[in-house]
Amino acid sequence: MGHTLGQLAVKVQGIVKGDADLVIERLGTLEKADKVALSFLANPKYQNHLATTSAGAVLVKTNELADLVENAIVVANPYLAYAQLSHLFVPKTHGWKGVHSSAVVSLKAILANDVVIGPNVVIDDDVVIGEGCVIGAGSVIGRGVKIGQNSIIYPNVTIYHDVVVGESCIIHSAAVIGADGFGFAPSKAGWEKIDQLGSVVIGNNVEIGAGTTVDRGAIENTQIGHGVKIDNQVQIAHNVVIGDNTAIAACTAIAGSTIIGKFCTISGGVCITGHLTLADKVHITGMSLISNSIAEGCSYSSGMGMEPTTKWRRTVARVRRIDEMAKQFAQLKQQVNKFLEKVDK
Amino acid sequence: MGHTLGQLAVKVQGIVKGDADLVIERLGTLEKADKVALSFLANPKYQNHLATTSAGAVLVKTNELADLVENAIVVANPYLAYAQLSHLFVPKTHGWKGVHSSAVVSLKAILANDVVIGPNVVIDDDVVIGEGCVIGAGSVIGRGVKIGQNSIIYPNVTIYHDVVVGESCIIHSAAVIGADGFGFAPSKAGWEKIDQLGSVVIGNNVEIGAGTTVDRGAIENTQIGHGVKIDNQVQIAHNVVIGDNTAIAACTAIAGSTIIGKFCTISGGVCITGHLTLADKVHITGMSLISNSIAEGCSYSSGMGMEPTTKWRRTVARVRRIDEMAKQFAQLKQQVNKFLEKVDK
Amino acid sequence: MGHTLGQLAVKVQGIVKGDADLVIERLGTLEKADKVALSFLANPKYQNHLATTSAGAVLVKTNELADLVENAIVVANPYLAYAQLSHLFVPKTHGWKGVHSSAVVSLKAILANDVVIGPNVVIDDDVVIGEGCVIGAGSVIGRGVKIGQNSIIYPNVTIYHDVVVGESCIIHSAAVIGADGFGFAPSKAGWEKIDQLGSVVIGNNVEIGAGTTVDRGAIENTQIGHGVKIDNQVQIAHNVVIGDNTAIAACTAIAGSTIIGKFCTISGGVCITGHLTLADKVHITGMSLISNSIAEGCSYSSGMGMEPTTKWRRTVARVRRIDEMAKQFAQLKQQVNKFLEKVDK
C-alpha cells in the first residue's frame, strides 16, 4: 500500500519539503506515527508536537512549519489533505467478488455488471442496482428499491420497498431505511394504523451510520439531500426533509414532518420535535431540545452540563422553586421601592 | 388499486357528496393531491386548503365542509377514516410466497399452512407460527418462539428463544426481542452476569419499530400489553410491564422493572428510570426524565427548549449559582423586613 | 434441570439450613416463587417477604434470616450467589450444533474444532474463531476478525473487518462493531470522508447489548477494556477508550476520543462529549450531559426530573429570565445596602 511522499503531494496539490522518494505505508497521529507514517498538523495549537513526532513526514500549512520536521507536504488545508489521502490507505474490507452464490436475487432485479453482492444478500423484485455498488452480506434490499452507482451497503442493512438511494452513498450495518413512520389514529378501540404510503428518497454522497433508522413518509416521501452525513443510531421520522450537506451526529432524533436546512451541523443526543422548520447553517449543540422553528442560522443550545450530584441536587431543588422565588423577589423589590420613594419625599 | 368514491364511503360508513363513481387511485395531502387522489381534512384550522386543493375528493366532517369541494365523503372522524382507507392503498412490499427454499426451518418447528417465510429466514426448534404470518428475509426466530396469526415480522428482526408474540403484531427491521436484560452482581473480580431466565410476552395488535430492543426478564417476563405501539429505537429493559394501548415514541428508554399504565402517551427521547409505577393515561412530553412514580394520569415534563447558545450560556451560569442567589435573597429579605419593622415601630 | 439445595450450596460456598435434598427446579422472586424454586433476599428492606414467600428455599445472609424460612442457603453475598446459580438454570437457547450447512465460511478462515456456527452465518477471509464460540444465525464476521475462545455472538450481529474480540465475550443481536467513525473534513464542495483506518479491540469478559454500536478508530483503535458491560443501544464513537470493568447502561452515547476510567458506572441516556478524560470510579446518573473532563471518582449529574407540565412551564419561563432576575437582584441588594449604610451613619 506504499506511496512516495511525492506521489501523495500530487494527490493533494501540495509541495514536498524533504525526501520526495520516502515511501509512506500508513497514516498516523503526531504522537504515535512511525518512520513510514504520514501525519498531519490540522490545529496550530499542537505545533509543539512537530518537535517530538517520529512521523516520517507531516502535512502542514506553511513552509515555516515544514522547516520544523525532516519531511513535509505543504498544503493549503492539511486536514482536508489528510481526509483525501485516507482513501489510499483503506485495507481490504471483504473477500467477496461478483454475485455470491448464496445470495437470493430476484429474476426481476436488474444488477449492473460490476456489482459485488455478498453472501446471503436478498434482493427482491424490481430492484435496480447501479455500477460499482457493493451490497454487504445479509443485507435485504426490498421490492422496487433503486440504488445509484458506486454506493456501498454494509452487511445486515435493511432497505424497505421502493426506497431510492443515490450515487456514492454509504449505509452502515443495522441501518433500516423505509420502515413505517409512526402514525396512528386514535379510536375507541385503540390505535388505528395509518399505512405509510410514501417512501424515502436519498440523494448522492450521503452516509448513514450503523443502526440509524429513516422512516418512510405517510403520504409524501421522507427526503435526505445530497451530501448529508448521518452518524449512528440517529432516528429520522416520516416526512422529514433534510437539506444538502447537513451533518447529524449520533443518537439525535428528528420527529415527523420537520424540515431541516442545508449545511446545518447537529450534535449528538439532540431531540427535534415535529412540524418545525430549521433554517440553513443552524448549529445545535449536544443534547439540546429543539421545540420551536429556527429562522436564523446560528448556534442553539439547551443542554446543561453536569455537576457533582450533591451540588446538582441543591440546584434542582432551587430551580423547582424558582417561580416562588421570583414572585417573592418582585414583592420585595416593590416593598423596597415604595419605602425608598417615601423616604425620598 | 382503484376504488370508487362510493366503495370507499361504504368502508368508513360515510356519505358521498358529489360523484360516487369517481375512481380514486391513491391518498394525498390537501396541498399535493391530484385528481385521482382522496385527501382528508383532519384539523379544522386547515379548512382554507379546501378552496385550493386539487384532490379528486376529500374526507370531511360536515356537509358544510363538503360543499367547499367538488367531491367529498362526509364522515364522523375524517382522520380515522383516512387511517382505515390507508390499508387499501399499500403497494406490494415483497415478492415472496410460501416458504422460500433458502429459509432454514427446523423440522421441530410448526408453521401454519399459509405463512410466508422469506429468503434466508432462520426458524429454530419448537417455533410455532400462526396462520397468515409473514416473516421477512433474514429474520431469526429463536428456539421455542410462538407468533400469533397474521403477524408481520419485517426483515432482519431477531427474536430470542421462548418469546411470545401475539396476533396481528408488526415488528420492524433490526428490532431485537428477548435479548438479555442488563443484570450483573458486583464482585471483587468485576461483574458477575445474572443469566436472564424470564422471557418477553407481547399481546395482540402490537407494533414495534425498527431498531427497538425489548429485553427478556431476569426471572419473570417482560410484558407488552395489547394494542401497544412502540416507535423506532425504543429501549425496554427487563421486567418492564406496559399496559394496553400505550404508545411510545422514538428513542425513549424505560429502565428495568418499571410498570407503565394503559393508554399512556410517551413522547420521544424520554428516559424513565427503573422500579417506578406510572398510572394509566399519563402523558409525557419530549425528552423528559421520569425519576419518580406517577399516580395521576396527566401531563408531565422536564425538557427545556433551546435558546441561542450565547444567551443559554448565561442562563446556565446563573442556574449553577441559583443556590447562592437564593441564600443571598433570603438574607436580603430578612434584612429589609427587620429594618422595615424597626421603622414601623 | 433440577439440583438439590445441597449441590447448590456447594456451588456458592454456602451452608444449607433445612432440607439439603430438596430439589430446586428454577429460580424465583420472593413474591412469585413456588415450592421448587430458590429465591434470594438481596436487600434487607424486603425481609418481611420471608414470612409470606412460597419459595422452596431462599438465599440469605445470616442464620437469623434463615430461621424465618423452612429451607435456606446462608451465604456471604446472596445477590452474588443468585447470579452465580443463575448460570445453572439457562434453558437451551438454540438447536444448532457444529457448523451449519447454510453458513458461508471462507476457506481462509480458521475455526476451532468445537465452535457452533449457526445457519446463514457469514465468515469472511482470515477470520479466527476460538474454541467454544457460538456464532448466532445471520451474523456477519468481517475479514480478518479475531474472536477469543468461549465468546457468544448472538444472531444478526455485524463485526467489521479486523476487529478483535476477546475471550468469554457476549455480543447481542443487531450490535455493530467496527463501523466507520463519524469523521469528515469540511471542504467547499461539502464533507470529505476521512476513511477510518483504525479498528476496535475488545477485552475479555465483555458484554455488549443489542443494537449497540462501537465505531472503529480513525487512525488508532477504539478500545474496550476487560470486564466492561455495555447495555443496549449504546453508541461508542471512534477512538474512545473504556477502562476495565466499567458498566454503561442503555442509550448512552460517548463521543469521539473520550477516555473513560475503570470501574465507572454510567447510567442510561447519558451523553458524554468528545475528547474528555474521566477518572476511575466515576458514577454518572441518568440523562446527564458530561461536557467536561472529570478528575475525581465521585457521582455527577445534570438530569432534572419531571414535574406536572403546567408547573414545569412556569419553571422554564422563569429559568429563561434568570439572568435578568439575577441582575435586578444584584441592583436591589446594592440599593438596599447603600440605604442601610446611610441610615447607619
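The model shown is predicted, which means the values in this text are computed figures rather than measured ones.

**Section: the interface of chain A and chain C**
Next, step 1: Counting residues at the interface gives 66 residues for chain A, matched by 65 residues for chain C.
Next, step 2: Counting only elements with at least two residues in the side of chain A that touches chain C, the list comes to α3 (78-86), β39 (307-308), α4 (309-320) and α5 (322-344) of chain A.
Next, step 3: Ranked by residue count, the leading element in the side of chain A that touches chain C is α5(A), at seven residues.
Next, step 4: Residues that form the side of chain A that touches chain C fall into these classes: 30 nonpolar, 27 polar and nine charged.
Next, step 5: In this sheet, strand β38 (residues 299-301) of chain C lies alongside β39(A) in antiparallel orientation, the contact comprising two bridges. Its bridge partner lying in β38(C), A:P308 is registered against C:Y300.

**Here we look at the sheet that holds strand β20 (residues 176-179) of chain C**
Residues and elements named next belong to chain C.
Next, step 1: Read across the open sheet, the 10 strands follow the order β8-β11-β14-β17-β20-β25-β28-β31-β34-β37; overall the sheet is parallel. Each having just a single partner strand, β8 (104-105) and β37 (289-290) make up the two edges of the open sheet.
Next, step 2: Note that strand β25 (residues 213-215) and strand β28 (residues 235-236) share two bridges and pair parallel. Counted as the bridge partner of T213 is Q235 from β28.

**As for the domain arrangement of chain A**
Next, step 1: Looking at chain A, the domain boundaries give domain 1 (3-89), domain 2 (157-300) and domain 3 (311-344).
Next, step 2: For domain 1 of chain A and domain 2 of chain A, the distance between their C-alpha centroids amounts to 37 Å.

**Concerning the relation of the copies chain A and chain C**
Both copies of the chain are related by a screw-like operation: a rotation about an axis and a shift along it.
Next, step 1: Overlaying chain A on chain C yields an RMSD of 0.0 Å, the required transformation being a rotation through 120° with an accompanying axial translation of 0.0 Å. Here the transformation between the copies is reduced to the relation of a three-fold axis. Rotation axis and chain A: the residue whose C-alpha lies nearest the axis is A:A174, separated from it by 3.5 Å.
Next, step 2: The two copies present different faces, since only 17% of the interface residues in chain A are matched by interface residues at the equivalent positions in chain C.

**Overview of the relation of the copies chain C and chain B**
Next, step 1: The two copies are related by a screw motion: chain C maps onto chain B through a turn of 120° and a shift of 0.0 Å along the axis, at an RMSD of 0.1 Å.
Next, step 2: Mapped onto chain B, only 17% of the interface residues of chain C again fall at the interface, so the copies present different surfaces.

**A closer look at the interface of chain C and chain B**
Next, step 1: On the chain B side, the residues contacting the 66 residues of chain C number 65 residues.
Next, step 2: Those elements giving two or more residues to the side of chain C that touches chain B turn out to be α3 (78-86), β39 (307-308), α4 (309-320) and α5 (322-344) of chain C.
Next, step 3: Split by residue class, the side of chain C that touches chain B holds 30 nonpolar, 27 polar and nine charged.

**A look at the nonpolar core**
Grouped burial of nonpolar side chains is what soluble globular proteins tend to show.
Next, step 1: Ranked by internal contacts, the top residues of the largest apolar core, which has 236 residues, are A:I171, A:I177, B:I171, B:I177, C:I171 and C:I177.
Next, step 2: Beyond its immediate sequence surroundings of up to four residues, C:I177 is in contact with C:I159, C:Y160, C:V163, C:I171, C:V200 and C:V214.

**Regarding the packing of α5(A) against helix α5 (residues 322-344) of chain B**
Next, step 1: Direction vectors running N to C along α5(A) and α5(B) enclose 35°, while the axes themselves pass 11 Å from each other. Here α5(A) and α5(B) pass one another in a crossing that is left-handed. Residue-level contacts link A:M325, A:Q328, A:F329, A:L332, A:Q335, A:V336 and A:F339 of α5(A) to B:A326, B:F329, B:K333, B:V336 and B:L340 of α5(B).
Next, step 2: For the contact of α5(A) with α5(B), a count of residues per class yields nine nonpolar, two polar and one charged.

**Describing the pairing of strand β6 (residues 57-60) of chain C**
Residues and elements named next belong to chain C.
Next, step 1: In β6, alternate side chains face the same way, and those of A57 and L59 on one face and V58 and V60 on the other are all buried.
Next, step 2: Relative to strand β7 (residues 72-74), β6 runs parallel, the two sharing three bridges. Residue pairing for β7: V58 is matched across the bridge by A72.

**Quick look at the environment of C:V206**
All names here are of chain C.
Next, step 1: Within the secondary structure, V206 is located in the loop between β23 (200-202) and β24 (207-208).
Next, step 2: Separated by 179 residues in the primary sequence, V206 and L27 have C-alpha atoms spaced 25 Å apart.
Next, step 3: Leaving out residues up to four positions away in the same chain, V206 has contacts with G166, C169, I224, G227 and V228.

Reading the values: rules and limits
Residues numbered from 1 in each chain as written. Chains lettered and ligands numbered in written order. Predicted model: local features only at pLDDT ≥ 70, side-chain atom pairs only at ≥ 80, totals over all residues. Contact = placed C-beta atoms within 7 Å. Helix = DSSP H or I, 4+ residues; strand = E, 2+ residues; numbered from the N terminus. Nonpolar A, V, L, I, M, F, W, Y, C, P; charged D, E, K, R; others polar. Pairing = 2+ DSSP bridges. Domains from an automatic or database assignment. Least-squares fit on C-alpha atoms with pLDDT ≥ 70 in both. Core = buried A, V, L, I, M, F, W, Y, C linked by C-beta atoms within 7 Å. Buried ≥ 20, exposed ≤ 12 C-beta atoms within 10 Å, placed from the backbone. Axes fitted to C-alpha atoms, helices over the stretch in contact; angles between N-to-C directions. Left-handed = near helix turned anticlockwise from the far one by under 90°.

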